[in-house]
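# Understanding the architecture of this molecule
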Amino acid sequence: MRKNFGAKPYTYPQPVLMIATYGEDGIPDVMNAAWGGISGDNEISMCISKNHKTTENILMRKAFTINLADEAHMVACDYVGITSATKVPDKFAKAGFTATKSELVDAPIINELAICVECKIKNYDTETCRLVGEIVNVSVDDSVLDEKGNVDVAKAAPIIFDPFNNAYIKLGEKVGNAFKDGAALK
């Protein structure tokens, strides 16, 4: 038996993407978005409406960063998703975030979030609200690296959005080896 939910954007996983920009005043801004993901080798796509301050900043600065939300900062990440920068201009600071300017794009890296994807805008379609960014760099804080210099997902503790239950879920348990375990069926 199956239950139909209708035409909904219900898929797993939906990473919790913290899209960070600078405003015209140079103050960092951030919004929480879950409708996004990789769309090419060096490309990421998201659906963000044109009425967001963040969208305005991206179009003005031609750059943004995507910082992956984690378990330790879930409350702050949710706060910036339910608070508008047009009403609370310093919501970045109120969330407890601090920033370092990316060396590669005109956008802030959120110091408190370990994984950051630095992007230049490729395209923004005002009709569909689809933002496409060129990935220029991925920077990772040493605190979530293992002894070999690889990202330890348990240390990074990224969260995903659960659209079925309006919840955040922590990732972390390894269940197999990509591009290897399926070979057993060959």
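Report on the accompanying structure. (Residues numbered from 1 in each chain as written. Predicted model: local features only at pLDDT ≥ 70, side-chain atom pairs only at ≥ 80, totals over all residues. Heavy atoms only, no water.)

Right, let's get into the pattern of salt bridges. Oppositely charged side chains can form a pair if their charged atoms are brought close together. A full pass over the atoms with the stated rule returns five salt bridges. Note that Lys 53 is salt-bridged to Glu 56, the shortest N-O span being 3.3 Å. Placement of the pair is Lys 53 and Glu 56 together in helix H1 (residues 53-61), with a separation of three residues, close to one helical turn. Each of Arg 61, Lys 101 and Asp 106 takes part in one network of salt bridges that share partners. (Salt bridge = Lys/Arg side-chain N within 4 Å of Asp/Glu carboxyl O. Helix = DSSP H or I, 4+ residues; strand = E, 2+ residues; numbered from the N terminus.)

The next point concerns the environment of Arg 61. With respect to the helices, strands and loops of the structure, Arg 61 is situated in helix H1. Arg 61 sits in the partly exposed class, given a relative accessible area of 23%. In this structure, the C-alpha to C-alpha distance between Arg 61 and Val 105, residues 44 residues apart in sequence, is 9.1 Å. Filtering out sequence-adjacent residues up to four positions away, Arg 61 remains in contact with Tyr 22, Gly 23, Glu 24, Gly 26 and Asp 106. (Buried < 20%, exposed > 50% of the residue type's maximum accessible area, 1.4 Å probe, protein only. Contact = heavy atoms within 4.5 Å.)

Another aspect to go through is the side chain of Thr 54. Counting through the fold element by element, Thr 54 comes out in helix H1. Looking at Thr 54, the relative accessible area reads 2%, which means it is buried. At 2.8 Å, the side chain of Thr 54 forms a polar contact with the side chain of Asp 29. When sequence neighbours within four positions are dropped, the list of residues in contact with Thr 54 reads Ile 19, Thr 21, Asp 29, Val 30 and Met 31. (Polar contact = N/O pair within 3.5 Å; in protein donor to acceptor, adjacent residues only side chain to side chain.)

Moving on to the nonpolar core. Ile 19, Ile 48, Phe 64, Ile 66 and Leu 131 are the most contacted members of the largest nonpolar core, which has 17 residues in total. Not counting residues within four places of it along the chain, the set of residues in contact with Leu 131 comprises Ile 44, Ser 45, Met 46, Ile 48, Ile 58, Phe 64, Ile 121, Asn 123 and Tyr 124. If you look at the next biggest cluster of nonpolar residues, it comprises 16 residues, including Ala 20, Val 80, Ala 95 and Phe 161. (Core = buried A, V, L, I, M, F, W, Y, C linked by side-chain atoms within 4.5 Å.)

Sheet architecture is open: seven strands sit in the order E3-E2-E6-E9-E10-E5-E4, paired in antiparallel fashion. Unpaired on one side and paired on the other, strand E3 (28-33) and strand E4 (36-40) mark the two borders of the sheet. Direction aside, neighbouring strands of the sheet carry axes that sit 35° apart on average. Across five bridges, the pairing between strand E5 (residues 43-47) and strand E10 (residues 130-140) is antiparallel. Bridging from a neighbouring strand, Cys 47 pairs with Arg 130 of E10. Taken strand by strand, helix H2 (residues 74-82) contacts strand E2 (17-22) and E3, and its axis lies near 95° from that of E3. (Pairing = 2+ DSSP bridges. Axes fitted to C-alpha atoms, helices over the stretch in contact; angles between N-to-C directions.)

Take the sheet that holds strand E1 (residues 14-15) next. Across the sheet, three strands lie side by side as E1-E11-E12; this open sheet has antiparallel pairing. Unpaired on one side and paired on the other, E1 and strand E12 (167-170) mark the two borders of the sheet. For E1 and strand E11 (residues 159-162), the ladder comprises two bridges, and the chain directions are antiparallel. Opposite Pro 15, over in E11, you have Ile 160 as the bridge partner.

It is worth spelling out the packing of aromatic side chains at this point. Scanning all chains against the criterion turns up six aromatic pairs. Considering the side-chain rings of Tyr 10 and Phe 164, the 4.8 Å spacing of their centres and the 55° angle between planes classify their relative orientation as tilted. Here Tyr 10 is found in the segment before E1, whereas its partner Phe 164 is found in the loop between E11 and E12, with 154 residues between them in sequence. On the accessibility criterion, Tyr 10 (28% relative accessible area) is partly exposed. Centroid distance Tyr 12 to Phe 164: 5.4 Å. Interplanar angle 40°. Geometry classified as tilted. (Phe/Tyr/Trp six-rings, centres within 6.5 Å; stacked < 30°, edge-to-face > 60°.)

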